[in-house]
Amino acid sequence: MPPQDPCGQPTPVDKRFVSCGSGNQLPVPPDTGSARTGVLESGVMKYGFVVPWAREVEFVELARLAEDSGWDLVCTWEPVFGQDPWGQLAAAAVSTARIRLGTLLTPVPARRPWELAAQCGTVDRLSNGRLTLGVGLGAVNANWSSFLPDEGRATRAAQLDEGLAIWSGLLAGQPFAYAGAHWRVEPVTELAPPPPVQQPHPPVWCVGALVPGKERQPSLERAARWQGILPAVVGQEGHSGLTHERFDDLVTRLRGIREGLGLPWEGYDVVVEGDSHGDFGAIHDRPQSWADQGATWWVESWWDLPDSPDGLAELRRRVASGPPQ
């Protein structure tokens with residue numbers, strides 16, 4: 001992790017934690033079975049997809065269709081300014097009963113972590129514990145630049161760590177305090193929301209990028225502390241850069257990091273994004289080939305579909321066809 005990351009992750013023992021100075025390692029976040037969603041059997045895969053374009057009512061309809069068609073997860077995505085993903089997920093939560101709901105992904109550095117915690121708690125309660133939060137640094141695109149400066153990857157990485165520390169601490173309950181380089185939080189003495197269903201918080205899938213040839217892997221270290229990884233390889237544009245060879249290297253390193261932190265590998269989610277229908281990205285082979293290497297989730301990414309009636313019709317067709325076999 002960046003050298004200026006402050007220590008600040010709450011633990012189950014002391015929720016009154018106030019961060020120590022910069023230059024220290026973040027403690028390991030609580031990792032309980034209730035916050036994990038990965039399958040336990042080796043080589044068994046679960047299936048989800050990201051809705052690339054849809055209006056709010058269409059998203060809810062797609063979530064219902066996905067549940068009826070055998071999918072395990074439906075995701076939306078979060079811009080700095082755009083359609084509200086948390087409104088979409090809340091509506092889907094009360095319109096479905098089984099399917100998990102998530103973001104792929106939420107740019108935590110662009111969010112106020114207490115607002116994100118409140119939204120996640122609401123969706124988790126409405127869904128009776130079916131939320132998964134996908135997080136990353138965020139892409140500094142035109143939407144981002146209309147509202148926020150580009151402070152560089154190191155700053156966004158520190159904001160991601162601090163934001164997740166505050167997010168998890170608030171969801172774990174009061175009293176909680178935090179003092180970091182970017183945010184300060186005091187214990188909430190009134191109007192605190194109820195806890196989420198998943199304790200101590202919904203599972204977090206964090207982007208973890210392998211830097212080939214490097215011994216230290218800060219991005220993988222961050223992802224290893226949470227409940228799952230969205231794996232990628234540094235140096236690729238427009239797609240994750242994963243190959244089976246790189247994936248083996250990444251998983252081996254990740255397992256070693258988890259073991260070094262005293263965290264179990266069993267139940268940890270390894271998420272591969274692919275496209276079994278179209279031409280988006282570079283991963284189009286059988287999901288089972290990735291499951292054999294340790295992946296637990298296959299998430300369809302259909303970003304090549306147009307935002308049009310024809311694109312929506314094709315999206316409905318793919319969802320109705322069910323997970324890839």
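If you're wondering where the values come from, they're calculated on a predicted model, not measured in any experiment. (Residues numbered from 1 in each chain as written. Predicted model: local features only at pLDDT ≥ 70, side-chain atom pairs only at ≥ 80, totals over all residues. Heavy atoms only, no water.)

Caption draft 1: Representation of the pairing of strand β1 (residues 46-50) within the structure. Summarising burial for β1: 4 of the 5 residues are buried, a large majority. Of the strand pairs in this sheet, β1 and strand β10 (residues 297-301) are connected by 5 bridges, and their pairing is parallel. If you follow Phe 49 over to β10, its bridge partner there is Glu 300. Here 3 bridges tie β1 to strand β2 (residues 73-76), and the two strands are oriented parallel to one another. Paired with Gly 48 across the bridge in β2 is Leu 73. (Buried < 20%, exposed > 50% of the residue type's maximum accessible area, 1.4 Å probe, protein only. Helix = DSSP H or I, 4+ residues; strand = E, 2+ residues; numbered from the N terminus. Pairing = 2+ DSSP bridges.)

Caption draft 2: Spotlight on the pattern of salt bridges. Taken as a whole and assessed by the stated rule, the structure comprises 13 salt bridges. We note a salt bridge from Asp 72 to Arg 98, for which the minimum N-O separation is 3.9 Å. In this pair, Asp 72 sits in the loop between α1 (56-68) and β2 while Arg 98 sits in the loop between α2 (85-93) and β3 (100-107), placing the two residues 26 residues apart along the sequence. Assessed through its relative accessible area of 39%, Arg 98 is described here as partly exposed. In the salt-bridge network here, residues are joined through shared partners; they are Asp 161, Arg 222 and Arg 225. (Salt bridge = Lys/Arg side-chain N within 4 Å of Asp/Glu carboxyl O.)

Caption draft 3: Up close: the sheet that holds β1. If you walk around this closed barrel you meet the 8 strands as β1-β2-β3-β4-β7-β8-β9-β10, and the pairing is parallel. For this sheet, the mean angle separating the axes of adjacent strands, direction not counted, is 30 degrees. Strands β1 and β2 of the sheet are contacted by α1, whose axis makes an angle of about 160 degrees with β2. Running at roughly 135 degrees to strand β8 (residues 228-233), helix α7 (residues 244-260) makes contact with β7 (204-210), β8 and β9 (269-274) of the sheet. (Axes fitted to C-alpha atoms, helices over the stretch in contact; angles between N-to-C directions. Contact = heavy atoms within 4.5 Å.)

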